[in-house]
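Below, each chain spelled out in residue letters.
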Amino acid sequence: MDVFTEYMVKKQKSGKDVFLQILCGVSAAAVIVVALLLIPIVTLQFGQIGSMYTMLGPLIALGAGYGAWYLISSMNVEYEYILTNGEMDVDKIVARRRRKRMITVNARKFEAFSNQGAYASHGHSIVAKAMGSFPQIYPCENFEGDAYTVYTNRPAAGAMRGYGMPQASFADDANIEECARAVGMNPIEYRNKFIMPKGFEDGFSHNVNYYDSFRECMEKGRAAIDYDRKLKEYQNQTGPVRRGIGMAAFWYNTAVYPISLETSSNRMQLNLDGTVTMQCGETEIGQGADTAYSQMTAEVVGLASYRDVHVVSCQDTDITPTGLGAYASRQTYVAGFSIRQTGELLKKKILAYASKLTRQMVENMDIQNSNIVRVMDGKVLMSLKELAMTAQYNAADSEHITAESTYTIRNNAYSFGCSFAEVEVDIPMCKVKLLRLINVHDCGKLINPALAEAQVHGGMSMAIGYGLSEQLLFDEKTGRPLNNNLLDYKLSTFMDHPNLEALFVENPEPTSPFGTKALGEPPACSGAPAIRNAILQAT
């Protein structure tokens, strides 16, 4: 066994719990989730509810060729995942709930272990982020959480699509699904009892849930996939091929404040043709950020179209205003602060010059559709092009109209959502077919709906790979990766996807200058546990 596996075994043997260890060869079949994720360890010990799963778990792990440990305990409500998959950031997650019979959560405990490889990288901050998610999505007065980083002979591990949140969402919503089954409740209704309520404020980040976003998202997805009918229809199936339906929820931060600095700088200039050139440090990396920046700039300045904004892309750090990077699903939210501030400064300068030319008070004018307009009667006084040419070449009062500013952001914002999955499972063949996958997101006000939908589709594709096919294999003795190429590492492709459906609940974020919040990484968070829960229901 590799160093990490040996460490975990020794750690667990030192405790009082009894473990059944199953070590199998790894299968390339597209049913990784069946092995590790299909069967829980011990559910609520009301009678013998957990006994059947304890027996079936090792058999399914064996059939799918995946390594798993199962915790056996008769005292606490707890279940455990040990991910023998080195590709995942959080290699071991233990989620425990102690419950009263009146169906109220009395206490929660969380432990996460990150197999970091030989060097530090982001390992501990990732596993800490995962730990921090637990007391927020399903709040509980009594919570204990620990996160550990383990150094091994594997390659250094770093941040990957969601910074620990997909793994945390997997453990948390698998646990919630098990609890709902144990008490015989509809999984959505069970979540509604415990999921983050409207008005919740996190004590550390001071993020606030201003709306009842979770329930709005779940109800929208519930209706779209006809969840209740299918849940009942698939309840008592027999035969080798069965169908199941499942769902999972998530939350995500927007940017990194207060853990780290959040700042954004912006520069704008009025061109001679009445267009605006905008330059910022937040970077276009293919996600459509420059288009969103153009739309926001046009809105603030008062231009006729986003096409009247020229974004300086592919930034050169020698001449570009400061921006901290394309990470943490931050750019639209963070850049919005400096875009609005700089755009209003530019607009103020334009109107001040227009006042000289038109003899109107600045307060009596506005910029609409790239024209200087008198507010009282809507009369067009002159176009931005006319003003820019006059300002540039006025022999008595020449001015190149520009604006630049920096905004230090001291806010963060919750982004919410959920996934619904429908699967068909061929049990003898250990084969899973994903029939349908729906993501529902509250990412605030949509700046560009088409780009938002495309962003969600990309995250859903990652979630499908995480849930069904991706696994990085290592030599147990040397720690060398065995499938570090795109032939043997099974990324999901278009052929593996059903029709991907993205739905939105638009609750404008009060802290955001444009009402936006995160949508970069969130789509990858809840798809895999939704698939897992659908497989569980089918089998």
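First, a word on scope: everything that follows refers to the structure included in this document. These numbers were taken from a predicted model, which means no experiment stands behind them.

**Side note on helix H10 (residues 331-358)**
Right, so step 1: Helix length check: H10, at 28 residues, gives a terminal C-alpha distance of 39 Å against a target of 40 Å (1.5 Å per residue), a fit within 8%.
Right, so step 2: Among the residues trailing H10, Arg 359 stands out with phi positive, at a value near 65°.

**Describing the side chain of Ser 213**
Right, so step 1: Within the fold, Ser 213 resides in helix H7 (residues 213-225).
Right, so step 2: We classify Ser 213 as buried; its relative accessible area is 0%.
Right, so step 3: Among the polar contacts made by the side chain of Ser 213, one reaches the side chain of Asn 507 at a distance of 3.4 Å.
Right, so step 4: Ignoring anything within four residues of it in the chain, the contact list for Ser 213 reads Phe 416, Asp 442 and Asn 507.

**Topic: the state of the cysteines**
Right, so step 1: Considering all chains together, one arrives at zero disulfides under this definition.
Right, so step 2: The thiol of Cys 217 is not disulfide-bonded; the next cysteine sulfur, from Cys 418, is found 5.4 Å away.

**Overview of the sheet that holds strand S14 (residues 402-408)**
Right, so step 1: Taken in spatial order, the four strands line up as S10-S9-S8-S14 in an open sheet, and their pairing is mixed. Either end of the sheet is taken by a strand with one partner, and the two such strands are strand S10 (309-311) and S14. Neighbour-to-neighbour, the strand axes of this sheet turn through a mean angle of 20°, independent of strand direction.
Right, so step 2: In this sheet, S14 lies alongside strand S8 (residues 263-270) in antiparallel orientation, the contact comprising seven bridges. Bridge pairing in S14 places Ser 265 opposite Thr 406.
Right, so step 3: Against the sheet, helix H9 (residues 289-301) contacts S8, strand S9 (276-280) and S10, and its axis sits at roughly 140° relative to S10.

**A look at the pairing of strand S16 (residues 431-442)**
Right, so step 1: Sheet topology places strand S15 (residues 415-426) next to S16; eleven bridges connect them, and they run antiparallel. Bridge pairing in S16 places Cys 418 opposite Val 440.
Right, so step 2: Connecting S15 to the next strand, S16, in antiparallel fashion are four residues, including Cys 430 with a positive phi near 50°.
Right, so step 3: Summarising the sheet, S16 and strand S17 (residues 500-504) pair through five bridges and their orientation is parallel. Across the sheet, residue Ile 438 finds its bridge partner in S17, namely Glu 501.
Right, so step 4: For the crossover from S16 across helix H12 (residues 449-468) to S17, the handedness is right-handed.

**So, the sheet that holds strand S13 (residues 380-383)**
Right, so step 1: Overall, antiparallel pairing links the three strands, which are arranged S11-S12-S13 in an open sheet. At either margin of the open sheet sits one strand with a lone partner, and together these are strand S11 (365-368) and S13. Between one strand axis and the next, the sheet turns by 25° as a mean value, whatever way the strands run.
Right, so step 2: Bridging between strand S12 (residues 371-374) and S13 involves three bridges; their strand directions are antiparallel. In the strand pairing of S13, Asn 371 is matched with Ser 383.
Right, so step 3: Contacts from helix H11 (residues 384-393) reach S11, S12 and S13, with the element oriented near 60° to S13.

The rules behind each value
Residues numbered from 1 in each chain as written. Predicted model: local features only at pLDDT ≥ 70, side-chain atom pairs only at ≥ 80, totals over all residues. Heavy atoms only, no water. Helix = DSSP H or I, 4+ residues; strand = E, 2+ residues; numbered from the N terminus. Expected span 1.5 Å × (residues − 1). Buried < 20%, exposed > 50% of the residue type's maximum accessible area, 1.4 Å probe, protein only. Polar contact = N/O pair within 3.5 Å; in protein donor to acceptor, adjacent residues only side chain to side chain. Contact = heavy atoms within 4.5 Å. Disulfide = S-S within 2.5 Å. Pairing = 2+ DSSP bridges. Axes fitted to C-alpha atoms, helices over the stretch in contact; angles between N-to-C directions. Right-handed = clockwise from strand over helix to strand, strands pointing away.

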